[in-house]
Number of protein chains: 2
Amino acid sequence: MDLLDNVSIVLVRTKTPGNIGAVARCMMNMGLSRLVLVRPPKDDQGEAMKLAAGADAILRNAVTTGTLQEAVADHRLVIGTSRHLGRNRRNIGTPREMAGQIVPLLPQNRIALVFGREVNGLDKEDLALCNELIAIPSSAAFPSLNLSHAVAVVAYELFIASRASPSSRGRTLAQTEELEAFYEHLQMVLEDSGFLGPHNRKHMMTSLRQLFGKSRLEQRDINILHGILSAIAGPVRSKDSE
Amino acid sequence: MDLLDNVSIVLVRTKTPGNIGAVARCMMNMGLSRLVLVRPPKDDQGEAMKLAAGADAILRNAVTTGTLQEAVADHRLVIGTSRHLGRNRRNIGTPREMAGQIVPLLPQNRIALVFGREVNGLDKEDLALCNELIAIPSSAAFPSLNLSHAVAVVAYELFIASRASPSSRGRTLAQTEELEAFYEHLQMVLEDSGFLGPHNRKHMMTSLRQLFGKSRLEQRDINILHGILSAIAGPVRSKDSE
């Protein structure tokens, strides 16, 4: 099995079938094989197959889901692609940094790279499901890449990094579900403590997801954090009920 | 004038107008502006404009020539794109090596990057006009990139190299003192909560330092974390003194 078999390219609500075909082709160019389509468009003309130009197998084996949540459920790290624009968009890495960091994780962990729809990219709910964000460096005057070009650049960086170093650190990252359970627990305790309220809940939870996302939590990290939250939850609750 | 204005993308006998439009778009994404078309196809449907998606100016300003020789006449360095396959293909560099080497030359020199037609690439006569060759790393099983993907990867490497040296991602990491103050605060609250005791204090604080260390905390992260600890500390203390 190739290292890159543990990478999934996830396309969310793509509009144009031809783009899906072009993505399949560049995936195959760069040694990627797992394609997941979240609510893909109808393709009456077979445009996807035409533009796949020989990468038909990737399209035939593509998994289709109704939500991004389903698509990434069995992945341990979910990396979203974004633009540099916008507030709250600190902590955005480059495809090159990301590739160098995730290749050593690939032997033990399935990793998803998520691309939003043409023009608008990923929406807020999708972004919230991503542990990390990357943006492709591009001209400030005209930053929006064609979807298949964006996948091509990211896949190219992964291909190069996967051939670069055979290092493996053997870390097992927490699964998406485990992460979500932790964030739920965290949010509950922070609400009980009064730290979170309607005015800051969304914003603050996004910041905390980014903060913990950067550390690529492992299962043992999650266990420690649950332990802390449970230890704190007792006194926090009992004060609440005074 | 931008450095990259001295780079020309030269497309030789492209067959599909849509590919020319897609090339124009990714050139503009990556800050390139000079497009030269050697014997381009007729484009009755305006496919090129459609796929240029806003990069019309590049198409309108494109220079058209009858031969590659004319196209590169006023350039000082001509770099051809090729495949790794084939005999006689010594001295083939990568786009990354090329980008690193030519960016320092750009202030004084106009440089052409030449891409052959779909499927077949550049023929022998074209290759003979190139001073150097590069090939995009790709899977041996399926090496042939879509024309606009090939241009996208090469343009991306140029863009990055042209912006490389004075890089600044604008992140301000927390200072050691700030980190230590946070760990002290954390330890205090965790001791009050009963989570930490003499039996696990050392071991657990080491794990937590590793956990937070991995996320390369910034100053604003530290502020959020102090806020959480303070919000929790109240109830934790009051329980303690019951």
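Residues numbered from 1 in each chain as written. Chains lettered and ligands numbered in written order. Predicted model: local features only at pLDDT ≥ 70, side-chain atom pairs only at ≥ 80, totals over all residues.

Caption draft 1: Representation of the sheet that holds strand β6 (residues 111-115) of chain A in the model. All names here are of chain A. Pairing in this open sheet of seven strands is parallel, and the strands run β3-β2-β1-β6-β4-β7-β5 from one edge to the other. Lying at the two open borders of the sheet, with one neighbouring strand each, are β3 (63-65) and β5 (92-93). Note: strand β1 (residues 7-12) against β6, five bridges, orientation parallel. Bridging from a neighbouring strand, V10 pairs with V114 of β6. Helix α1 (residues 17-29) rests against β1 and β2 (34-38) of the sheet, and its axis sits at about 165° to β1. (Pairing = 2+ DSSP bridges. Helix = DSSP H or I, 4+ residues; strand = E, 2+ residues; numbered from the N terminus. Contact = placed C-beta atoms within 7 Å. Axes fitted to C-alpha atoms, helices over the stretch in contact; angles between N-to-C directions.)

Caption draft 2: Structural context of the interface of chain B and chain A. In this complex, chain B contributes 46 residues to the contact, which on the side of chain A involves 45 residues. Only α1 (17-29), α7 (147-162), α9 (201-214) and α10 (219-240) of chain B provide two or more residues apiece to the side of chain B that touches chain A. The biggest single contributor to the side of chain B that touches chain A is α10(B), with 10 residues. A per-class count over the side of chain B that touches chain A returns 25 nonpolar, 14 polar and seven charged. (Nonpolar A, V, L, I, M, F, W, Y, C, P; charged D, E, K, R; others polar.)

Caption draft 3: Spatial organisation of the sheet that holds strand β1 (residues 7-12) of chain B. Residue and element names in this part refer to chain B. Taken together, the seven strands give an open sheet; going across it, the order is β3-β2-β1-β6-β4-β7-β5, and neighbouring strands pair in parallel fashion. Edge positions in the open sheet fall to β3 (63-65) and β5 (92-93), since each of these has one partner strand only. Note that β5 and strand β7 (residues 132-135) share two bridges and pair parallel. Paired with G93 across the strands is I134, a residue of β7. Packing against the sheet, α1 makes contact with β1 and β2 (34-38), and its axis sits at approximately 165° to β1. Sitting on the sheet, α7 is in contact with β1, β4 (77-82) and β6 (111-115), with an inclination near 155° to β6.

Caption draft 4: Expanded view of the nonpolar core. Counting 124 residues, the largest nonpolar core has V10(A), M27(A), V10(B) and M27(B) as the members making the most contacts within it. Leaving out residues up to four positions away in the same chain, M27(B) has contacts with I9(B), L32(B), S33(B), L35(B), A55(B), I58(B), V151(B) and A155(B). In terms of nonpolar packing, the next biggest core, distinct from the first, is built from 15 residues, F195(A), L196(A), L186(B) and L196(B) among them. (Core = buried A, V, L, I, M, F, W, Y, C linked by C-beta atoms within 7 Å. Buried ≥ 20, exposed ≤ 12 C-beta atoms within 10 Å, placed from the backbone.)

Caption draft 5: Layout of the domain arrangement of chain A. Residues and elements named next belong to chain A. Split by domain assignment, chain A resolves into domain 1 (3-164) and domain 2 (176-240). Computed from C-alpha coordinates alone, the two centres of domain 1 and domain 2 are separated by 29 Å. Each side of the interface is counted separately: domain 1 has 10 residues, and domain 2 has eight residues. Of the residues in the side of domain 1 that touches domain 2, the class split is five nonpolar, four polar and one charged. (Domains from an automatic or database assignment.)

Caption draft 6: Expanded view of the pairing of β2(B). Residues and elements named next belong to chain B. Burial within β2 is extensive, with five of its five residues counted as buried. Where burial is concerned, the two faces of β2 agree: the one with R34, V36 and V38 and the one with L35 and L37 are both buried. Summarising the sheet, β1 and β2 pair through five bridges and their orientation is parallel. From the neighbouring strand, V10 faces β2, where its bridge partner is V36. Where β2 meets β3, three bridges bridge the pair, whose relative direction is parallel. Within β3, the residue paired with V36 across the bridge is V63.

Caption draft 7: Structural context of the packing of helix α5 (residues 95-102) of chain B against α7(B). Residues and elements named next belong to chain B. Look at α5 against α7: their axes get within 9 Å of each other, and the N-to-C directions meet at 40°. Comparing their axes, α7 and α5 come out oblique. Considering only the axes of α5 and α7, their crossing is right-handed. Of the residues in α7, those in contact with P95, R96, A99 and G100 of α5 are V153, V154, E157, L158 and A161. (Parallel < 35°, antiparallel > 145°, perpendicular 65-115°, else oblique. Left-handed = near helix turned anticlockwise from the far one by under 90°.)

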